[in-house]
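Structural characterization, general
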Amino acid sequence: MSFIFEENPLQIAIDRIKRNPLIAALPKNLTPVELATKLRFCPITPENLRSIPRHDRPTLLTSYKNTFIPTMQGLSIALSLQQMIHDGYAQRDPLLASSRKFIYKGGQLKGLNISDTEWWPSFASGMVIDGITGLGKSQLMDRFLSLYPQTIEHGENEECGWRSLKQLCWLKIHMPSDGSRGGFLEGAFRELDIALGTNYSQQYESRSWTVEKRLVVFLHLLSVHRCGLLLIEEAQEKNLSESPFSREFVTFFLRLLNWGTPTVLLGNPLAFSNLQGFSQDVDRFTEGGWHHLLPVLDPTSEEWLEDWIPGLWTPTLLDEPDADYTPISEHPNDQTLAGFVWKRTGGVPRYLARLRIEVQGAALRMGLQQVTSELVDLVYRTSPKMIEIHERIDAFVHRDWRALKRFNDIPWNEFRKLWEPPSPGEDEQVMAPATREAKPKAPPKRRALRNKPRATIDNPTPPEKLSAAEVRARQFQENVIDALNKASGASSD
């Protein structure tokens with residue numbers, strides 16, 4: 001009796017991946033714990049600060065902007081990105097004859113308009129990351145990409161069919177402000193040349209190379225250099241959704257996937273209305289996930305308590321940690337440090353970093369040893385960098401979607417759905433997107449705080465918002481200095 005042993009197709013797939021030179025040249029895939037550790041960047045520590053003279057510390061204030069906290073959502077996105085790169089290269093294994101043939105066939109299409117080129121039978125994975133400004137979308141991508149070299153040099157490889165290859169692990173392109181495809185290509189070829197040290201921009205700049213033809217060339221060049229991940233940043237309503245070429249852009253993004261390049265679209269939620277209007281497009285760009293980033297909407301959430309407060313708010317450039325928190329008012333949020341800080345930042349990471357920088361800067365200028373809650377509150381109310389964002393912060397704190405309607409780049413209707421779920425049978429016209437509603441002629445008046453700080457003889461009720469003229473006034477500035485000194489326990493002399 002003889003037995004026929006069939007080969008394990010799963011083992012064959014694993015063996016093939018291990019032999020793939022495009023994957024072998026990359027850093028190894030990391031586990032969630034390893035990836036979180038690599039992503040985390042918190043430079044402000046007592047150990048790092050110990051050798052820095054106090055007079056040099058103000059130059060370190062920008063370190064708060066560079067601090068990166070890997071939240072659970074951020075880690076989930078990073079893991080998906082890692083998988084997209086790996087799967088994209090596995091699909092384009094250069095040891096397979098079909099992959100080598102694809103590069104040749106793509107080269108034969110140069111000179112054609114993109115509308116005249118064929119659609120290939122397979123697609124790479126796509127991803128969308130959307131969120132309003134200040135949530136750290138670009139910082140997340142930059143931190144993830146820092147774990148990979150941008151290019152890798154390969155020597156001659158007869159099996160793969162190349163004499164040499166400069167592998168392009170990733171490429172980042174910004175959407176043009178005018179929403180034109182010509183502007184997009186100009187930036188795309190420029191970034192390609194910077195990364196690879198090539199002169200493709202000059203090779204394809206003559207008038208005979210129309211926009212339609214250059215789009216095909218760009219697709220082919222990404223394919224030739226085996227681009228592992230293409231990131232398209234700054235997608236906004238004005239340069240994508242409202243662009244005359246909005247549908248053409250969406251089609252081109254699908255072409256990128258069809259040519260084997262994993263692609264990530266990054267931008268404002270309002271930018272993707274055309275993409276969301278076609279189920280097939282959504283299917284393609286959810287292979288890597290459609291990730292919606294939001295401010296932290298609850299100061300008692302695990303993310304706020306365990307990630308942002310200890311990771312971004314707690315580090316200090318002073319010699320002593322912050323003073324123990326004491327409530328400055330009877331407002332419910334002011335009863336805890338987490339609620340106190342959230343009430344003054346709206347749960348937006350950028351505003352959290354900005355307030356911390358302003359507080360630390362004021363304390364360093366005054367020669368203080370530690371930060372107090374009174375100092376934080378005073379800086380929040382008087383810093384010109386904070387005053388102009390009070391209205392947005394208040395809107396998030398008070399869940400006031402109507403106040404968000406004055407900002408053209410904030411999808412107020414999405415926040416309305418979060419804060420006020422529609423009742424059954426509610427007229428859909430009421431829930432229409434912000435882009436279809438006439439823009440308000442004048443900004444709405446700011447809502448009064450629901451619970452003002454309790455006034456005392458030593459601490460009269462402060463104004464909620466000061467005019468620019470009042471902030472610039474000499475007497476006001478002197479009063480602020482005296483108040484800061486008093487709040488910190490320092491002498492006003």
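Preceding this section is the structure that the text describes.
Residues numbered from 1 in each chain as written. Predicted model: local features only at pLDDT ≥ 70, side-chain atom pairs only at ≥ 80, totals over all residues. Heavy atoms only, no water.

**Considerations on the overall build of the protein chain**
For the protein chain, the helix and strand inventory stands at 25 helices and seven strands. Relative to its 493 residues, the protein chain shows a buried fraction of 48%. Excluding contacts between residues fewer than 6 apart, the proportion of contacts in the protein chain whose partners are at least 24 apart in sequence is 76%. Carbon and sulfur atoms provide 51% of the accessible area of the protein chain, an area that totals close to 25200 Å². (Helix = DSSP H or I, 4+ residues; strand = E, 2+ residues; numbered from the N terminus. Buried < 20%, exposed > 50% of the residue type's maximum accessible area, 1.4 Å probe, protein only. Contact = heavy atoms within 4.5 Å. Areas by Shrake-Rupley, 256 points an atom, 1.4 Å probe, with all protein chains shown as cover.)

**Comments concerning the pattern of salt bridges**
Counted according to the given criterion, the structure contains 16 salt bridges. Between D334 and K343 there is a salt bridge, with its nearest N and O atoms 3.2 Å apart. Take K343: its relative accessible area is 7%, and that puts it in the buried class. Of the charged contacts in the structure, one is a salt bridge between D334 and R344, with a shortest N-O distance of 2.9 Å. A residue pair is termed long-range when its members are at least 10 positions apart, and D334 in the loop between α16 (302-313) and α17 (337-343) and R344 in the loop between α17 and α18 (349-366) qualify at 10 residues. As far as the burial class goes, D334 and R344 line up, both buried. One salt-bridge network, in which partners are shared between bridges, spans D334, K343, R344, D377 and R381. (Salt bridge = Lys/Arg side-chain N within 4 Å of Asp/Glu carboxyl O.)

**Points about helix α11 (residues 211-224)**
Compared with the 20 Å implied by 1.5 Å per residue over 14 residues, the 20 Å span of α11 between its first and last C-alpha is a close match. Burial analysis of α11 places 10 of its 14 residues in the buried class, the great majority of the element. Within α11 the residues assigned to the buried category are R214, L215, V216, V217, F218, L219, H220, L221, L222 and S223. Phi turns positive one or two residues past the end of α11, at R226, with a value near 50 degrees. (Expected span 1.5 Å × (residues − 1).)

**Some remarks on the packing of aromatic side chains**
Inspection of every chain in the model, using the stated rule, returns 18 aromatic pairs. On the numbers, 6.0 Å between centres and 75 degrees between planes, the contact of F102 with W259 is edge-to-face. Taken as a pair, F102 in helix α7 (residues 97-108) and W259 in the loop between α13 (246-258) and β6 (263-267) lie far apart in primary sequence, 157 residues in all. Relative accessible area serves as the criterion here: at 2%, W259 is assigned to the buried category. Arranged with centres 6.5 Å apart and planes meeting at 90 degrees, the rings of F184 and F218 form a pair that is edge-to-face. Here F184, found in helix α9 (residues 181-196), pairs with F218, found in helix α11; they are 34 residues apart in sequence, far enough to count as distant. Here the aromatic cluster, defined as three or more aromatic residues joined through ring pairs, consists of F184, F189, Y204, W209, F218, F249, F252 and F253. Just above the ring of F189 sits the side chain of R214; from NZ or CZ to the centre is 4.7 Å. (Phe/Tyr/Trp six-rings, centres within 6.5 Å; stacked < 30°, edge-to-face > 60°. Lys NZ or Arg CZ within 6 Å of the ring centre and 35° of its normal.)

**A few points about the packing of α9 against α11**
In contact at an axis separation of 10 Å, α9 and α11 are set at 30 degrees when each is read in the N-to-C sense. Of the possible angle classes, the one that applies to α9 and α11 is roughly parallel. As α9 packs across α11, the resulting crossing turns out to be left-handed. Counting all contacts with α9, which are made through R181, G182, L185, A188, F189 and L192, the residues of α11 involved are V211, E212, R214, L215, V217, F218, L221 and L222. (Axes fitted to C-alpha atoms, helices over the stretch in contact; angles between N-to-C directions. Parallel < 35°, antiparallel > 145°, perpendicular 65-115°, else oblique. Left-handed = near helix turned anticlockwise from the far one by under 90°.)

**Some remarks on the environment of W290**
Relative to the helices and strands, W290 is located in strand β7 (residues 290-292). With a relative accessible area of 15%, W290 lands in the buried category. For the pair W290 and L265, spaced 25 residues apart in the sequence, the C-alpha separation amounts to 9.5 Å. For W290, the residues in contact, after removing those within four places along its chain, are V128, D130, F272, L275, Q276, V282 and F285.

**Regarding the nonpolar core**
Core analysis: the biggest nonpolar cluster contains 84 residues, and L81, F144, L229 and W304 have the highest contact counts within it. When residues of this core are assigned to their parent elements, the largest contribution, nine residues, is made by α18. (Core = buried A, V, L, I, M, F, W, Y, C linked by side-chain atoms within 4.5 Å.)

**Digging into the environment of L270**
For L270, the position within the fold is in the loop between β6 and α14 (273-276). When the C-alpha atoms of L270 and D409 are compared, they prove to be 7.2 Å apart, with 139 residues separating the residues in sequence.

**Examining unusual backbone geometry**
One non-glycine residue, R226, lies in the positive phi region at around 50 degrees. The class of R226 is buried, set by a relative accessible area of 9%. Phi is positive for R399, which is not a glycine, with a value near 55 degrees. By secondary structure assignment, the location of R399 is in the loop between α21 (390-397) and α22 (401-404).

**Some points on the environment of F415**
In this structure, F415 sits in helix α23 (residues 412-419). Each C-alpha atom of the pair F415 and W401 lies 6.1 Å from the other, and the pair is 14 residues apart in sequence. Apart from residues no more than four positions distant in its own chain, F415 is found in contact with I132, L294, P295, F396, L404 and I410.

**Quick notes on the packing of helix α3 (residues 32-39) against helix α6 (residues 72-91)**
For the pair α3 and α6, interaxial distance at closest approach is 10 Å and the crossing angle is 110 degrees. Here α6 runs roughly perpendicular to α3, going by the angle between their axes. Each of P32, L35, A36 and L39 in α3 lies in contact with α6, whose residues at this interface are L75, A78 and L79. Here the contact of α3 with α6 is built from residues that sort into seven nonpolar, no polar and no charged. (Nonpolar A, V, L, I, M, F, W, Y, C, P; charged D, E, K, R; others polar.)

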